[in-house]
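The residues making up each chain are set out below.
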Amino acid sequence: MNSNPFLSKEISFKRILKGFAITLPCMIMIFVIGNYSYNFIDSTLRSHYVGEKVLGVEDTESRVIGVEEIKKHLKSLIPEKYELVESPPEGSDSEDDGCINLFGIYPKTYSEAQRKYLSEAGLMYCEDIYKAVFRSQMEDAKYSQEKNAWAWIDIGDPEGNVGGYYEQTFYGNNLVSIADAWGSHYDGNLYIVRIKNSKELVVLSIPLSNRIRCETYDENGVETMKEDCVNFMNSMDMTTDWVPQEIYDNYYNDLLEMLRGI
C-alpha cells in the first residue's frame, strides 16, 4: 500500500480536474438548449392565445374587416325565411359613435299591414368598440375595457357611474353581450358581437314588443282612428296597444343562430 500522502493528494486533484473538464461543457449545453426551448414554447403560447382571443384587453386588434366586407358576410348568414332590406347610408342616433345601420330584416311571410305596424329586426356595424354607444330612453350601453363587458349607465346620473353589466352568453365560439333597447314605443334586445382580432362590432337588434297607435289628429286637434290600424290590431287579438312578445318570438325564433357565424 502506498502511504505517500502527497501522491494521494496529487491523484485526487487530477481526478477533480478531469471531472470538471467533462462536466462543464455538459452544463453549458444543457443551459443553452433549455433556454432556447423555454423561449420557443413561450413565444408559441403567446402567439396562439393572444391571437385567438375574441374579447378582452390583450387581443391584437390588428385586423380591419370594413363595412363592405361585413355586409357580404352577413348576407350569407341570414336564414332563407328572412328578407334583407338595405338601410339608407346614414349613421345611428349618434354621429360620432362610428356605427351605421346596414339592414332591416323581415320575415318573408310579413303582410303589408305587418310591415307597416310591426317592428323589424336589424343589423348594425360599428368600427370601434371603444366609441360605440347604444342609447335607450333612460340608459346608455358602453363597453368596459376593465370588465370586458357592456355596462349600462343611467343617463340621469351626472357622474356617469356604471349601474351594472349586461348578460353575456356564447353562440358557438362567439361571446355575445345582450343589451337593452327600449323607449316609450319600443322594447327590444341588442346582440353585440366583437369581430375577432379587431375593434369592429356587429350588432343584431331583435324586437320584443312595440306600441301601435291608431289615433290620428287633424289640424283642429280632432282625433280619429285609422281603420286599417284598428282592423290589424283586432286581427292580432291585441288587448292593449303593445304587441305581445310571443308574436316576435315566433317570427324571429331562429335568427339568433346567425350569431354563431359572425
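In what follows, the accompanying structure is described. (Residues numbered from 1 in each chain as written. Predicted model: local features only at pLDDT ≥ 70, side-chain atom pairs only at ≥ 80, totals over all residues. Heavy atoms only, no water.)

## A short note on the side chain of asparagine 210
Take asparagine 210: it is sitting in strand S11 (residues 201-210). Polar side-chain contacts of asparagine 210 include one of 2.3 Å to the side chain of tyrosine 248. Asparagine 210 has contacts with Tyr117, Leu118, Ser119, His185, Tyr186, Asp241, Trp242, Val243 and Tyr248, leaving out every residue within four places of it along the chain. (Helix = DSSP H or I, 4+ residues; strand = E, 2+ residues; numbered from the N terminus. Polar contact = N/O pair within 3.5 Å; in protein donor to acceptor, adjacent residues only side chain to side chain. Contact = heavy atoms within 4.5 Å.)

## Concerning the sheet that holds strand S1 (residues 82-86)
Taken together, seven strands build an open sheet; the order of strands is S1-S2-S3-S11-S10-S9-S8 and the sheet is antiparallel. For this open sheet the edge positions go to S1 and strand S8 (167-171), each flanked by a neighbour on one side alone. Geometrically, the sheet is characterised by an average inter-axis angle of 30° between neighbouring strands, direction not taken into account. Pairing between S1 and strand S2 (residues 99-107): five bridges, direction antiparallel. Of the residues in S2, the one forming a bridge with leucine 84 is isoleucine 105. Across the sheet, helix H2 (residues 67-77) touches S1, S2, strand S3 (121-126) and S11, and the angle it forms with S2 is around 15°. (Pairing = 2+ DSSP bridges. Axes fitted to C-alpha atoms, helices over the stretch in contact; angles between N-to-C directions.)

## What about the sheet that holds strand S5 (residues 139-144)?
What links the strands of a sheet is backbone hydrogen bonding, and the strands pair in either a parallel or an antiparallel sense. Taken in spatial order, the four strands make up an open sheet running S4-S5-S6-S7, and their pairing is antiparallel. Both outer strands of the open sheet, strand S4 (133-135) and strand S7 (162-165), are each paired with one neighbouring strand and no more. On average, adjacent strands in this sheet sit at an angle of 30° to one another, irrespective of strand direction. Note that S5 and strand S6 (residues 149-154) share six bridges and pair antiparallel.

## Looking at H2
Among all positions in H2, only Ile70, Lys71 and Leu74 are buried. Angularly, the buried residues of H2 cover 100° about the axis, an arc narrow enough to put them on a single face. Within H2, the exposed residues directed more than 90 degrees away from the buried face are Glu68, Lys72 and Ser76. Residues of H2 that are buried in the fold lie against S1, S2, S3 and S11. (Buried < 20%, exposed > 50% of the residue type's maximum accessible area, 1.4 Å probe, protein only. Arc of directions from axis to C-beta.)

## Some words on the pattern of salt bridges
Scanning the entire structure with this criterion turns up ten salt bridges. Where lysine 71 meets glutamate 86, a salt bridge forms, and the shortest distance between an N and an O atom there is 2.4 Å. Of this pair, lysine 71 sits in helix H2 while glutamate 86 sits in strand S1, placing them 15 residues apart in sequence. When its relative accessible area of 12% is taken as the criterion, lysine 71 is described as buried. Look at glutamate 86 and you get partly exposed, because its relative accessible area is 45%. Arginine 115 serves as the salt-bridge partner of glutamate 83, at 2.4 Å between the closest nitrogen and oxygen. (Salt bridge = Lys/Arg side-chain N within 4 Å of Asp/Glu carboxyl O.)

## Describing the state of the cysteines
Inspection of the entire model under this criterion finds two disulfides. Here cysteine 99 is linked by a disulfide to cysteine 126, with a sulfur-sulfur distance of 2.0 Å. Of note, the bridge from cysteine 99 to cysteine 126 carries an S-S torsion of about 110° and is right-handed in sense. Here cysteine 99, found in strand S2, pairs with cysteine 126, found in strand S3; they are 27 residues apart in sequence, far enough to count as distant. A residue is classified by how much of its surface remains accessible, and cysteine 126, at 0% relative accessible area, is buried. Residue pairing for cysteine 214: its cysteine sulfur links by disulfide to cysteine 229, the two sulfurs lying 1.9 Å apart. When the S-S torsion is -75°, as for the bridge of cysteine 214 with cysteine 229, the disulfide is left-handed. Of the two residues, cysteine 214 is situated in the loop between S11 and strand S12 (215-217) and cysteine 229 in helix H4 (residues 227-235); the sequence distance between them amounts to 15 residues. With respect to class, cysteine 214 is no different from cysteine 229; both count as buried. (Disulfide = S-S within 2.5 Å.)

## Examining the packing of aromatic side chains
Summed over the entire model, instances satisfying the criterion amount to eight aromatic pairs. A ring pair is formed by tyrosine 117 and phenylalanine 232, whose centres lie 5.6 Å apart and whose planes are at 25°; its orientation type is stacked. On the criterion of sequence distance, the pair formed by tyrosine 117 in helix H3 (residues 112-117) and phenylalanine 232 in helix H4 is long-range, its members being 115 residues apart. Phenylalanine 232 matches tyrosine 117 in its accessibility class, with the two residues each being buried. Each member of the aromatic cluster is reached from another via a ring pair, and the members are Tyr130, Phe134, Tyr143 and Trp150. (Phe/Tyr/Trp six-rings, centres within 6.5 Å; stacked < 30°, edge-to-face > 60°.)

In short, shape yes, function no, at least from these values alone.
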